[in-house]
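# Architecture and fold: a report
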Amino acid sequence: MKHLAAYLLLTLGGNSSPSAKDIKGVLESVGIEADDERLSTLISELKGKDIQELITEGSSKLASVPSGGSGGGAAAASGGAAAGGAAAEETKEEAKEEESDEDMGFGLFD
């Protein structure tokens, strides 16, 4: 994924056909070592292809994948409304506890 992310960053930056050297440069600039085998596979798979077309094609494929049922959503929502008040109270209590821990006799710049 890191190799693909670097490839996409380079294409967004205007380089329509990033080389392995370009991708290595991006990865090394943030302290990541590139895997030459994966990098060569990525370059060979994407060579001569339009990245925008690949993204569009992939998005259409993902749209047809079922992503779970929607049958249980209403029951969960009604239970969540009742618990909403309790969650707000817990948040207030946590905030009070955090405030009391702030002054423990020492500070960041003491």
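Here's a quick rundown of the structure.

Conventions adopted
Residues numbered from 1 in each chain as written. Predicted model: local features only at pLDDT ≥ 70, side-chain atom pairs only at ≥ 80, totals over all residues. Heavy atoms only, no water. Helix = DSSP H or I, 4+ residues; strand = E, 2+ residues; numbered from the N terminus. Buried < 20%, exposed > 50% of the residue type's maximum accessible area, 1.4 Å probe, protein only. Contact = heavy atoms within 4.5 Å. Salt bridge = Lys/Arg side-chain N within 4 Å of Asp/Glu carboxyl O. Axes fitted to C-alpha atoms, helices over the stretch in contact; angles between N-to-C directions. Parallel < 35°, antiparallel > 145°, perpendicular 65-115°, else oblique. Nonpolar A, V, L, I, M, F, W, Y, C, P; charged D, E, K, R; others polar. Core = buried A, V, L, I, M, F, W, Y, C linked by side-chain atoms within 4.5 Å. Polar contact = N/O pair within 3.5 Å; in protein donor to acceptor, adjacent residues only side chain to side chain.

### Remarks on the overall build of the chain
- For the chain, the helix and strand inventory stands at five helices and zero strands.
- The order of helices and strands in the chain, counted from the N terminus, is α-α-α-α-α.
- Relative to its 110 residues, the chain shows a buried fraction of 12%.
- Nonlocal contacts in the chain, meaning residues at least 24 apart in sequence, comprise 47% of its contacts between residues at least 6 apart.

### Observations concerning the pattern of salt bridges
- Counting across every chain of the model gives three salt bridges.
- A salt bridge links R38 to D35; the shortest N-O distance between them is 3.7 Å.
- Given the relative accessible area of 58%, R38 is considered exposed.
- Overall, D35 belongs to the partly exposed group, its relative accessible area being 34%.

### Quick word on the packing of helix α1 (residues 2-12) against helix α2 (residues 20-29)
- Axis separation between α1 and α2 bottoms out at 9 Å; the angle between their running directions is 105 degrees. If you check the angle between α1 and α2, you find them roughly perpendicular. The residues of α2 that touch α1, namely those facing K2, H3, A6, Y7 and L10, are D22, I23, V26 and L27.
- Here the contact of α1 with α2 is composed, by residue class, of six nonpolar, one polar and two charged.

### A look at the side chain of H3
- Along the chain, the position of H3 falls in helix α1.
- For H3, the contacting residues outside a window of four places in its chain are I23, L27, A34, D35, R38, L39 and L42.

### Details of the environment of Q52
- Mapped onto the elements of the fold, Q52 is located in helix α4 (residues 51-63).
- A relative accessible area of 48% places Q52 in the partly exposed class.
- Linking Q52 and T11, residues 41 residues apart in sequence, is a C-alpha distance of 9.8 Å.

### Some remarks on the nonpolar core
- In terms of nonpolar packing, the biggest core is built from 10 residues, these being A6, Y7, L10, I23, L27, A34, L39, L42, L46 and I51.
- Secondary-structure elements contributing two or more residues to this core are α1, α2 and α3 (36-46).
- If we skip the residues at most four places from it in the chain, L39 touches H3, A20, I23, K24 and A34.

### Here's the deal with the environment of D22
- With respect to the element layout, D22 can be found in helix α2.
- Separated by 15 residues in sequence, D22 and Y7 place their C-alpha atoms 8.4 Å apart.
- Excluding residues within four positions of it along the chain, D22 makes contact with L10 and N15.
- Side-chain polar atoms of D22 contact the side chain of N15, separated by 3.0 Å.

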